[in-house]
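Breakdown of the fold
If you want the building blocks of each chain, they are given just below.
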Amino acid sequence: MIVNCAVYENGVKLRDISIEEISDELAREGAFVWVGLLEPSVELVKKLQEEFGLHDLAVEDAYMAHQRPKLEEYGDHLFVVLQTAQLVGDDVAFGETHVFLGANFVVTVRHGASQSYTKVRQHCEASPDRLSKGPSYVLYSIMDFVVDNYRPITDDLEMRFEKFENDLFVRDSGSEHLQDLYQLKRQLIRLRAAAVPLLDICNQLLRFHGDIVSKEGRVYYRDIYDHVARVTETCDNLREMVAAAMQVDLAQITIRQNEVVKRLAGWGAILAIPTMVFSLYGMNFKVMPELEWRWSYPVVLIGITVSCTYLYRRLRRVGWL
């Protein structure tokens, strides 16, 4: 459950520490503590609450999960909820990362589908000049990592949509992607719902909370804002195209059904000619002049054949057969 717990000073990692040592390290001037958790137990969360002085409501949200992306202020620390996403086959799995941010600490709690933040920690430790800005830079790095993971998902959804779109206009392909397009649209809506709240979070971090987010660190959140804006714009454009493709797919289904109806109607018209003639001869009337004529049988057959052939050629010419 404890992924990492370390203390940093002037952008340099001093050492890994235990939970019990956190309160002692928080008293060190110029240092901050970074704790990473993965689906922790109630006891561990309560222990961290005591060490960092976290608010009850924020701790409850972090443990229970299933929260919308948001930023809330609780006295001397912030509580940020981020929705993570990653591809699992053709599906998009969503998880959550909860971040407690104070002037001298940052705590991350991961739930569900989420990639490890080991790379984020390594990247931050490789840039001590930036990490010296404190926990606000750590929050930026985590948010940037989460948003960057949205991009491969939008690229994959675009590629899948292009494949469905190409199949829509292949004549007689027999493929109907209405269900696939609906699932694609559903994933786009969920991804957009995860990304859009980050715009408001970035705005708040850019304008407020100066006691936690340094003035030098605010410029980094503009970069995240720009990335999120591009993701949401891509989702919006792709969602409109998916909606249009769904309408086209429905229209293609209707057209194919109309083609079937036209063919059935055409063959019905052709079969109506011999049906009418044979039903006439089945009436068993006594006085039928052609019954005594020697050539009446071949003449009737030839007449039926000529009439059916003529009607078939006419229907083929107008595209009904």
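This text goes with the structure placed above it.
A separate point is the packing of aromatic side chains. The tally for this structure, following the rule as stated, stands at nine aromatic pairs. Where Y137 meets Y140, the ring centres are 5.6 Å apart and the plane angle is 40°; that geometry is what we call tilted. Placement of both Y137 and Y140 in helix α6 (residues 135–148) is noted, with a separation of three residues, approximately one turn of the helix. Judged by centre distance (5.0 Å) and plane angle (40°), the ring pair of Y140 and Y220 falls under tilted. With Y140 in helix α6 and Y220 in helix α9 (residues 215–281), the pair connects residues that are 80 residues apart, well separated along the chain. Residue Y140 shares its accessibility class with Y220, and that shared class is buried. A connected cluster of aromatic rings, assembled from ring pairs, spans Y137, Y140, Y220 and Y221.

A surface patch of nonpolar side chains, about 260 Å² in accessible area, is lined by V42, Y63 and M64. Its location among the elements puts V42 in helix α2 (residues 42–52). Taking the relative accessible area as the measure of exposure, V42 reaches 34% and is therefore partly exposed.

Moving on to empty space enclosed by the protein. Applying the stated criterion to the full structure yields three cavities of 30 Å³ or more. Lining the largest cavity are V3, N4, W34, G36, L37, T108, R110, S116, Y117, T118, R121 and I142. Elements supplying a minimum of two residues to the lining of the largest cavity: β1 (2–9), β3 (31–38), β7 (105–112) and α4 (118–125). With three residues, the top contributor of residues to the lining of the largest cavity is β3. Split into classes, the residues belonging to the lining of the largest cavity amount to five nonpolar, five polar and two charged.

Rules used throughout
Residues numbered from 1 in each chain as written. Predicted model: local features only at pLDDT ≥ 70, side-chain atom pairs only at ≥ 80, totals over all residues. Heavy atoms only, no water. Phe/Tyr/Trp six-rings, centres within 6.5 Å; stacked < 30°, edge-to-face > 60°. Helix = DSSP H or I, 4+ residues; strand = E, 2+ residues; numbered from the N terminus. Buried < 20%, exposed > 50% of the residue type's maximum accessible area, 1.4 Å probe, protein only. Patch = residues over 30% accessible without salt bridge, like charges linked within 9 Å, V, L, I, M, F, W, Y side chains within 5 Å. Areas by Shrake-Rupley, 256 points an atom, 1.4 Å probe, with all protein chains shown as cover. Salt bridge = Lys/Arg side-chain N within 4 Å of Asp/Glu carboxyl O. 1 Å grid on protein atoms, 1.4 Å probe; cavity = no way out; pocket = protein on both sides within 12 Å on 5 of 7 lines; lining within 4 Å. Points joined across faces, edges and corners; volume = space filled by probe spheres on them. Nonpolar A, V, L, I, M, F, W, Y, C, P; charged D, E, K, R; others polar.

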